[in-house]
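So the chains spell out like this:
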Amino acid sequence: MFTRVLLGGLMALALAVPPAPAAQWLSYSEPDFDLYGDASRRQVADVIQNMQVYRYARDAVLPKLRGSDVIRPRVFVLSGSTFAKYAGTRRNVAGFVSSSDFGVDIVVDASCADWTGTSSTIQHELTHYYLHQSSSFALPVWYDEGLAEYLSTIDISKGKLRVGFPAAARWVDLQELSWMPLREMFKVSRGSEAYTGHRGARVFYAQSWLLTHYLLSIGGEDARAVGLMVAHIDQGSRVDDAIQAAFGDGFAAFEERVRKYARPTKFRIAQLDKPDLPDLRTRIVEIDEARAMNEMLMFGM
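Residues numbered from 1 in each chain as written. Predicted model: local features only at pLDDT ≥ 70, side-chain atom pairs only at ≥ 80, totals over all residues. Heavy atoms only, no water.

Enquirer: Even after reading the chapter, I still don't get the overall build of the protein chain, so can you show me in this structure?
Expert: Of the regular secondary structure elements, the protein chain holds 13 helices and 9 strands. Among the 301 residues that make up the protein chain, the fraction classed as buried is 44%. Across the protein chain, every contact between residues at least 6 apart in sequence was considered, and the portion connecting residues at least 24 apart equals 72%. Per element, the accessible surface of the protein chain, about 16,100 Å² overall, is 54% carbon and sulfur. (Helix = DSSP H or I, 4+ residues; strand = E, 2+ residues; numbered from the N terminus. Buried < 20%, exposed > 50% of the residue type's maximum accessible area, 1.4 Å probe, protein only. Contact = heavy atoms within 4.5 Å. Areas by Shrake-Rupley, 256 points an atom, 1.4 Å probe, with all protein chains shown as cover.)

Rendered as structure tokens:
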């Protein structure tokens, strides 16, 4: 009798409680990217503004970086519960990426406490996409990663948009880890231990960022020599031969200048006037869940 009454009461309670509201899915599109998500309208607007700030800085610093007119990046801004369905039980995961020469899809957890890290991930991966779309030659791995790191810390402070601010972890690695000779760094491929191994990758990413920062900030003859070296490698020369052709006997002095550049506690940072960004919340539209699920299936989630 007790069981029957209890079950009956639970059934009545279930019928009395309204079903949980369906997730509200939002969408936003412009020529540079498409965005979908079930995060709050404010969180979605924050990501859109982040991408617009990134685009403004990218166009000012590297105006030749452009995407495809056919394939646009897609960004999924998910609530914590929806993101957990796809990230599973992995901890400390703020997002994940599917990228290729044909495009990039970025998934981020809008509830992540480390929003700075999430923002850097978006900027880093977008740089890879635009760089691959804009390049007419085989990209050296060090430059591909170095530029992505350089453009991954764009922020706004005291009314100025800052580009080139060093990521704290990269600067620390430069001070604490052993130097990788640039001659060896130029030979690193995607399959190299220096790229795939944890410690080696820390050195490689830090020095790739440093050299890219140096070339973009200092420029001059060193930048022209590196460009000539990259051109020789793209035409089939071995790295050692390309270095000799571009630098002659001056490579050791060049490397020493780059090493000295790692020592300051302050780096040259490009500062731009803060862009006038429109309130985008009125351009964010609601979409039905079926369409959102279709976009996520295309991503492969």
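Once the structure has been displayed, the description carries forward.
Enquirer: Help me understand the pattern of salt bridges, please; the structure alone is not making it clear to me.
Expert: Opposite charge on two side chains makes pairing possible when the charged atoms of those side chains draw close. Under the criterion given, the structure shown has 20 salt bridges. Residue Arg-55 pairs with Asp-32 through a salt bridge whose shortest N-O separation is 3.6 Å. Here the residue Arg-55 occupies a position in helix α2 (residues 41-61), and Asp-32 occupies one in the loop between β1 (25-30) and β2 (33-37), the gap between them amounting to 23 residues. Assessed through its relative accessible area of 21%, Arg-55 is described here as partly exposed. Within the structure, one salt-bridge network assembled from shared partners comprises Glu-30, Asp-32, Arg-55, Arg-58 and Asp-59. (Salt bridge = Lys/Arg side-chain N within 4 Å of Asp/Glu carboxyl O.)

Enquirer: Would you take a moment to explain the packing of aromatic side chains for this structure?
Expert: Each aromatic ring pair is described using two quantities: the centre-to-centre distance and the angle formed by the ring planes. Within this structure, the stated rule accounts for 15 aromatic pairs. Joined through ring pairs, the aromatic side chains of Trp-142, Tyr-143, Phe-186, Tyr-214, Phe-247, Phe-251, Phe-254 and Tyr-261 make up one cluster. Over the ring of Phe-165 we find Arg-162, and its NZ or CZ is 4.3 Å from the ring centre. (Phe/Tyr/Trp six-rings, centres within 6.5 Å; stacked < 30°, edge-to-face > 60°. Lys NZ or Arg CZ within 6 Å of the ring centre and 35° of its normal.)

Enquirer: Looking at this structure, how should I read the environment of Leu-65?
Expert: In this structure, Leu-65 sits in the loop between α2 and β3 (74-78). Judged by its relative accessible area of 6%, Leu-65 falls in the buried class. The spacing of Leu-65 and Arg-55 is 10 residues in sequence and 9.8 Å in space, taken between C-alpha atoms. Setting aside residues no more than four positions away along its own chain, Leu-65 makes contact with Arg-58, Asp-59, Tyr-130, Leu-131, Ser-134, Leu-147 and Leu-151.

Enquirer: How should I be thinking about the sheet that holds strand β8 (residues 270-273) in this particular structure?
Expert: Backbone hydrogen bonds hold the strands of a sheet together, and the pairing may be parallel or antiparallel. Ordered in space as β6-β7-β8, the 3 strands form an open sheet in which the pairing is antiparallel. Because the sheet does not close on itself, it has two edges, and the strands there are β6 (155-157) and β8. Between one strand axis and the next, the sheet turns by 35 degrees as a mean value, whatever way the strands run. Two elements, strand β7 (residues 160-163) and β8, share 4 bridges in a ladder whose sense is antiparallel. Residue pairing across strands places Arg-162 opposite Gln-271, the latter belonging to β8. Along the sheet, α2 makes contact with β6, β7 and β8, crossing β7 at roughly 65 degrees. (Pairing = 2+ DSSP bridges. Axes fitted to C-alpha atoms, helices over the stretch in contact; angles between N-to-C directions.)

Enquirer: Mind showing me how you'd approach the environment of Leu-272 here?
Expert: As for its placement among the helices and strands, Leu-272 is situated in strand β8. Distance in space between the C-alpha atoms of Leu-272 and Ala-60 is 8.4 Å, their sequence separation being 212 residues.

Enquirer: In this structure, what is going on with the packing of helix α9 (residues 198-218) against helix α12 (residues 251-261)? I would like to understand it.
Expert: The contact between α9 and α12 brings their axes to 10 Å, and the two run at 100 degrees. For the element pair α9 / α12, the angle class is roughly perpendicular. Packed against α9, whose contacting residues are Leu-210, Leu-211, His-213, Tyr-214, Ser-217 and Ile-218, the element α12 presents Phe-254, Arg-257, Val-258 and Tyr-261 at the interface. In terms of residue class, the contact of α9 with α12 is made up of 7 nonpolar, 2 polar and 1 charged. (Parallel < 35°, antiparallel > 145°, perpendicular 65-115°, else oblique. Nonpolar A, V, L, I, M, F, W, Y, C, P; charged D, E, K, R; others polar.)

That is the geometry; function is a separate question.
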